[in-house]
Amino acid sequence: MLFNVAQEVVDDTLPEATWDRTLAATGLEGAYTSLGDYPDADLTAIVGEISASTGLSPEDVLRHVGQHGYAHLTSRHADLVAGIGDLGSL
């Protein structure tokens, strides 16, 4: 689920094909489905490559995905965030 949200944020907010270029640069296959279980190292590699290609720090990449990803998460998995008004209320 996190990979799907991260991909949606990257596709929506960063230059076109950033996600595909990132996967190619890291050597990852990228067949991330919400039903799969993927190594943390894959997400770390994706964040690192996006950081390197955009000039954002890894922390800023994560912050960017977190800030923009909440809307994607609520639209796809409202049950997981039921009762949480926004990230500021956590």
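Here is a short report on the structure shown in this document. (Residues numbered from 1 in each chain as written. Predicted model: local features only at pLDDT ≥ 70, side-chain atom pairs only at ≥ 80, totals over all residues. Heavy atoms only, no water.)

**A few points about unusual backbone geometry**
This is how the line gets drawn: Only runs of H or I of at least four residues qualify as helices and only runs of E of at least two qualify as strands under DSSP, and these elements are numbered from the N terminus. Here the term buried applies to any residue with accessible area under 20% of the maximum for its type, exposed to any over 50%, and partly exposed to those in between, with areas from a 1.4 Å probe on protein chains only.
You will see that Ala17, though not glycine, has its phi angle at about 70°, which is positive. Considering the arrangement of structural elements, one finds Ala17 in the loop between helix H1 (2-13) and helix H2 (18-26). Taking the relative accessible area as the measure of exposure, Ala17 reaches 34% and is therefore partly exposed.

**Thoughts on the pattern of salt bridges**
Selection rule: One side-chain nitrogen of Lys or Arg within 4 Å of one carboxyl oxygen of Asp or Glu is enough to make a salt bridge.
Under the counting rule described, the total for this entry stands at 1 salt bridge. Residue Arg63 pairs with Asp60 through a salt bridge whose shortest N-O separation is 2.5 Å. With Arg63 and Asp60 both in helix H4 (residues 58-76) and 3 residues apart, this pair spans about one turn of that helix.

**Quick look at the packing of aromatic side chains**
We apply this condition: Between 30 and 60 degrees the pair is tilted, below 30 it is stacked and above 60 it is edge-to-face, where a pair is any two Phe, Tyr or Trp rings, Trp via its six-membered ring, whose centres lie within 6.5 Å.
Tallying each qualifying case throughout the model produces 3 aromatic pairs. Centre to centre, the rings of Phe3 and Tyr38 are 5.5 Å apart; their planes meet at 75°, and the pair counts as edge-to-face. Of this pair, Phe3 sits in helix H1 while Tyr38 sits in the loop between H2 and helix H3 (40-54), placing them 35 residues apart in sequence. The class of Phe3 is buried, set by a relative accessible area of 9%. Relative accessible area serves as the criterion here: at 23%, Tyr38 is assigned to the partly exposed category. In textbook terms, an aromatic cluster arises when at least three aromatic residues are bridged by ring pairs, as seen for Phe3, Tyr32 and Tyr38.

**Re the packing of H3 against H4**
Short version of the rule: Structural elements are reduced to axes, namely lines fitted to C-alpha atoms, with helices fitted over the stretch in contact, and the angle between N-to-C directions of any two is expressed from 0 to 180 degrees. Oblique is the label for any angle not covered by the other classes, which are roughly parallel (under 35 degrees), roughly antiparallel (over 145) and roughly perpendicular (65 to 115). Residue contacts are counted whenever heavy atoms from the two residues lie within 4.5 Å of one another. Each residue is assigned to one class: nonpolar for Ala, Val, Leu, Ile, Met, Phe, Trp, Tyr, Cys and Pro, charged for Asp, Glu, Lys and Arg, and polar for all the others, Gly among them.
Two elements in contact, H3 and H4, have axes whose closest approach is 8 Å; the angle formed by their N-to-C orientations is 110°. As the angle between them shows, H3 and H4 are arranged roughly perpendicular. Here Val47, Ile50 and Ser51 of H3 come into contact with H4, specifically with Pro58, Val61 and Leu62. Residues belonging to the contact of H3 with H4 are distributed by class as follows: 5 nonpolar, 1 polar and no charged.

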